[in-house]
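Spelled out from the first residue to the last, the chains are:
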Amino acid sequence: MKNIQQIIESKKEKILELEKFLYNNPEIEMEEFRAKEKFTELLLSEGFDVDGDIEGLPTAFVAHKSSGEGPSIGIVAEYDALPGMGHACGHNLIGAIGFGAATALGELLEEYRGSVYLFGTPAEETGRGKPGLLAGGYFKKADIAMMVHPMNFSALASDLVNLEGYDVTFRGKASHAAAAPEGGINALDAAVSFYSAVGLLRQQMKDGSRVQMIITGGGSAVNVIPDRASLRVEIRHREIKYFRSLVEKILRVARSTAEAMGCTAEIEMFEPPICCMKNNNVLVGLFKKRLVEAGIGEFQEYVETGGCSDMGNVSQEVPAIHPWIRMVRPSSDAHTSDFLRDADAPLAIERMYKMACCLAGVGEEILKSPQLVEKIKEDFRSH
Ligand SMILES: [Zn+2]
């Protein structure tokens, strides 16, 4: 039986082919048709079944290989690019790592009983892919879900905060601003008051809270009292309980401002809610061991990034990890042209193979010792 390194070695060409294809053909969220086609072609050649018929997500797929009853290992692939910036978040590497890890584990199924899933999750940048696959029940097929994200530092675990976004629309009554201002109800006044009230509220918010607001509409003619004004609000915090109370408070401010101004407020979520990351300690431990074996000894155990990913949503349903691994120069921040350049440079390619080995190594250990699944689930239930 070949070991993981040998298996990845034998698949290097295909892994690189996929990485180059994604890098050279960047597609933004929900337009990743060519990426999906490439994944499908390569996964079929590796003996995987590929289900590309995912409701509401034309660029998602779920690939699967099984050798019978046993642990079910889920690997997560991302492959969306940034508008106008190509793969400046390195999802070309995430996709190729996921493919490498899943297909390597696919070969191990000749020896162990179990299943391997590769979840093709599009639109990570807007957080629409994984929530859609979760809603379709696809992640229930896996006992665990793992991925690695390239970054300019390494950390085994991170916070990945909660996020919700709302459109708030105030409606009042239009009136001639010069001839009959008293006949109007100014929706823009409500919007401005809401904006200011949230600004004051920031003084009493817990550290790490983020509330960003923009005004998306504020009237169309200066000689008309605006009957409609709108804002877009995004709220973040890492602790779920506090986050919920913060969201409620802000929406209450919107409603009461409307009432005070004699307006109405319509409140609508404009994007799927994103959940904080629940790092599975057993999986983190298994991954750490593989990382050290791969010769990567420089990493933090945990970082607070303040960032978000829909992998957080997955981690609330399935035991999961989302380590960040340095694959670019330390000076190259994500979503910059430096990161874009580095995402296809020799260091990234070398670490891409290593990360495929590490993820597959964790999967191998679980396939070998199925009793680990219970331990992983115990940790999942405990926090
Ligand atoms: Zn990313």
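Residues numbered from 1 in each chain as written. Predicted model: local features only at pLDDT ≥ 70, side-chain atom pairs only at ≥ 80, totals over all residues. Heavy atoms only, no water.

- In the nomenclature of an unreviewed UniProt entry, the protein chain corresponds to Peptidase M20 domain-containing protein 2 from the organism Synergistes jonesii.

**Some points on the coordination of the zinc ion**
Then step 1. Ligation of the zinc ion by protein atoms is provided by Cys89 (SG), His91 (NE2) and His149 (NE2), these donors lying 2.1 to 2.3 Å from the ion.
Then step 2. Spacing between the donor residues of the zinc ion along the chain follows C-x1-H-x57-H. With histidine 91 in helix 3 (residues 91–108) and histidine 149 in strand 6 (residues 149–151), this pair connects stretches of sequence that are 58 residues apart. Summarising the burial analysis for this pair, histidine 91 and histidine 149 share the class buried. (Donors = N, O, S within 2.8 Å, 3.2 Å for Na, K, Ca; no water. Helix = DSSP H or I, 4+ residues; strand = E, 2+ residues; numbered from the N terminus. Buried < 20%, exposed > 50% of the residue type's maximum accessible area, 1.4 Å probe, protein only.)

**Some details on the sheet that holds strand 3 (residues 72–78)**
Then step 1. With mixed pairing, the six strands of this open sheet are ordered in space as 1-2-4-3-5-13. Bordering the open sheet on either side are strand 1 (49–51) and strand 13 (320–321), each of which pairs with just one other strand.
Then step 2. Where strand 3 meets strand 4 (residues 115–121), seven bridges bridge the pair, whose relative direction is parallel. Looking across to strand 4, one finds that isoleucine 73 is bridged to valine 116.
Then step 3. Contacts between helix 2 (residues 33–45) and the sheet are confined to strand 1, strand 2 (61–66), strand 3 and strand 4, with strand 2 contributing the most and set at about 10° to the helix. (Pairing = 2+ DSSP bridges. Contact = heavy atoms within 4.5 Å. Axes fitted to C-alpha atoms, helices over the stretch in contact; angles between N-to-C directions.)

**Brief notes about the pattern of salt bridges**
Then step 1. According to the stated counting rule, one finds 29 salt bridges in the structure shown.
Then step 2. One salt bridge connects lysine 20 with glutamate 19, and the closest N-O pair in it is separated by 3.8 Å.
Then step 3. For glutamate 365, the salt bridge identified is with arginine 290, shortest N-O distance 3.2 Å. Highlighted residues: glutamate 365 in helix 10 (residues 346–368) and arginine 290 in helix 7 (residues 281–293), separated in sequence by 75 residues. Here the two residues glutamate 365 and arginine 290 agree in accessibility, since each one is buried.
Then step 4. Salt bridges linked by common partners bring Lys11, Lys14, Glu46 and Glu107 together as one network. (Salt bridge = Lys/Arg side-chain N within 4 Å of Asp/Glu carboxyl O.)

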